[in-house]
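Listed here are the chains, written in short residue letters.
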Amino acid sequence: MNGMMQDLAFAIPGVDEAMGFAEVMKLVKSMDYSVIVFDTAPTGHTLRFLSFPAVLEKALAKISQFSGRFAPLLSQMSGMMGINSNSEDMFAKLEGMREVIQEVNKQFQDPDKTTFICVCISEFLSLYETERMIQELTSYHIDTHNIIVNQLLFPKKDSTCEHCNVRYKMQQKYLEQIHELYSDFHVVKLPLLTKEVRGAKEIEEFSQKLVEPFVPPQ
């Protein structure tokens, strides 16, 4: 019981995303989409989210093992408090949830169905977080082989903007490290834009930068 409670307590931070993912998984079965994109939270929260299916599956397995002992106790307590509770129905729902979580886990770990694309900026902390993310994804057996480096500055050669030139040199230093660390990854470089990407037309134009190498101005 102590171990089960610890597992559940550890899983709580990502429960909202995991349940949301489970609900989407149910809908995916009945709809026809070629690609589904999940825009995840920053590194720490995302790692809790990705670890949640395995943790919850383990916890639900333990609950199922003890369901025979829990059921009479729950029924007795419900009766004492004047509450109508069908313990068999409750455990059946938990088992159904466990099956959905197992499917989520299977979907995560199938490289033909799921891949994780890391998005970072060319700075030390972001590079550190990206490495942490990739190490954790590997431990979860989740495919990842794409990195998007966003908000890169490309000032013209004759630019007199000191701020732009200094940041450009800094970004290039970390960009070189990214290429060295992830030589077997597909690295996409995206420029810092002067406008927001809003609306279908803007998104469509921006999406071309993901598939066509960006050519910096001369």
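For the structure itself, consult the block above.
For clarity, every value in this text was computed on a predicted model and none was experimentally measured.

Enquirer: Give me the lowdown on the sheet that holds strand β3 (residues 186–191), citing residues and values where you can.
Expert: Taken together, three strands build an open sheet; the order of strands is β1-β2-β3 and the sheet is parallel. Two strands in the sheet have a free side with no partner beyond their single neighbour: β1 (117–121) and β3. Each neighbouring strand pair of the sheet contributes to a mean axis angle of 20 degrees, computed without reference to strand direction. Relative to strand β2 (residues 146–152), β1 is paired through five bridges, and the arrangement is parallel. Looking at β2, one finds that Ile-121 is bridged to Asn-150. In this fold helix α8 (residues 200–211) packs onto β2 and β3, with an angle of close to 140 degrees to the strand it touches most, β3.

Enquirer: Let's hear about helix α6 (residues 124–139): which residues, and what values?
Expert: The end-to-end C-alpha distance of α6, which contains 16 residues, comes to 23 Å, matching closely the 22 Å that a straight helix rising 1.5 Å per residue would cover. Those residues of α6 that fall on the buried side of the exposure criterion are Ser-126, Leu-127, Thr-130, Met-133, Ile-134 and Leu-137. Here the buried residues of α6 occupy an arc of 120 degrees about the axis, which is enough to place them on one side. Exposed residues lying more than 90 degrees from the buried face of α6 are Phe-124, Leu-125 and Tyr-128.

Enquirer: Before we move on, could you go through a nonpolar patch on the surface and cite the residues and values that matter?
Expert: A cluster of nonpolar side chains, namely Tyr-33, Ile-36 and Phe-38, defines an oily patch on the protein surface of about 310 Å² accessible area. Classification of Phe-38 by relative accessible area gives partly exposed; the value is 40%.

Enquirer: Before we move on, could you go through the state of the cysteines and cite the residues and values that matter?
Expert: Under the defined criterion, the tally for this structure stands at one disulfide. A sulfur-sulfur distance of 2.5 Å marks the disulfide that ties Cys-161 to Cys-164. Given an S-S torsion of about 70 degrees, the disulfide between Cys-161 and Cys-164 has right-handed geometry. Classification of Cys-161 by relative accessible area gives partly exposed; the value is 28%. Of all cysteine sulfurs, the one in Cys-120 lies closest to Cys-118, which takes part in no disulfide; the gap is 7.8 Å. Residue Cys-118 is classed as buried on the basis of its relative accessible area, which comes to 5%. We classify Cys-120 as buried; its relative accessible area is 4%.

Enquirer: Let's hear about the pairing of β3: which residues, and what values?
Expert: Here five bridges tie β2 to β3, and the two strands are oriented parallel to one another. Paired with Asn-146 across the bridge in β3 is His-186. This β-α-β element, β2 to helix α7 (residues 162–181) to β3, shows right-handed connectivity.

Enquirer: Just give me the short version of the pairing of β2, but keep the residues and values in it.
Expert: Within β2, five of the seven residues are buried, which leaves it mostly tucked inside the rest of the structure. A crossover connection joins β1 to the parallel β2 through α6; in handedness this β-α-β unit is right-handed.

Enquirer: Residues and numbers for the packing of aromatic side chains, please.
Expert: Summed over the entire model, instances satisfying the criterion amount to three aromatic pairs. Ring centres 6.4 Å apart and planes at 25 degrees place the aromatic pair Phe-124 and Tyr-128 in the stacked group. Here the residue Phe-124 and the residue Tyr-128 both occupy positions in helix α6, the gap between them amounting to four residues, near one helical turn. Judged by relative accessible area, which is 54%, Phe-124 ranks as exposed.

Enquirer: An account of the nonpolar core is needed here, citing residue identities and associated values.
Expert: Core analysis: the largest hydrophobic core is formed by 24 residues, its most contacted members being Ile-147, Val-149 and Ile-178. Mapped by element, the contributors of at least two residues to this core are α3 (43–65), α5 (87–108), β1, α6, β2 and α7. No other element matches the four residues that α6 contributes to this core. Each of domain 1 (1–109) and domain 2 (116–211) contributes no fewer than three residues to this core. When neighbours within four sequence positions are excluded, Val-149 is seen to be in contact with Cys-120, Ile-121, Ser-122, Leu-175, Ile-178, Val-187, Val-188, Lys-189 and Leu-190.

Each value, and the rule that gives it
Residues numbered from 1 in each chain as written. Predicted model: local features only at pLDDT ≥ 70, side-chain atom pairs only at ≥ 80, totals over all residues. Heavy atoms only, no water. Pairing = 2+ DSSP bridges. Helix = DSSP H or I, 4+ residues; strand = E, 2+ residues; numbered from the N terminus. Axes fitted to C-alpha atoms, helices over the stretch in contact; angles between N-to-C directions. Contact = heavy atoms within 4.5 Å. Expected span 1.5 Å × (residues − 1). Buried < 20%, exposed > 50% of the residue type's maximum accessible area, 1.4 Å probe, protein only. Arc of directions from axis to C-beta. Patch = residues over 30% accessible without salt bridge, like charges linked within 9 Å, V, L, I, M, F, W, Y side chains within 5 Å. Areas by Shrake-Rupley, 256 points an atom, 1.4 Å probe, with all protein chains shown as cover. Salt bridge = Lys/Arg side-chain N within 4 Å of Asp/Glu carboxyl O. Disulfide = S-S within 2.5 Å. Right-handed = clockwise from strand over helix to strand, strands pointing away. Phe/Tyr/Trp six-rings, centres within 6.5 Å; stacked < 30°, edge-to-face > 60°. Core = buried A, V, L, I, M, F, W, Y, C linked by side-chain atoms within 4.5 Å. Domains from an automatic or database assignment.

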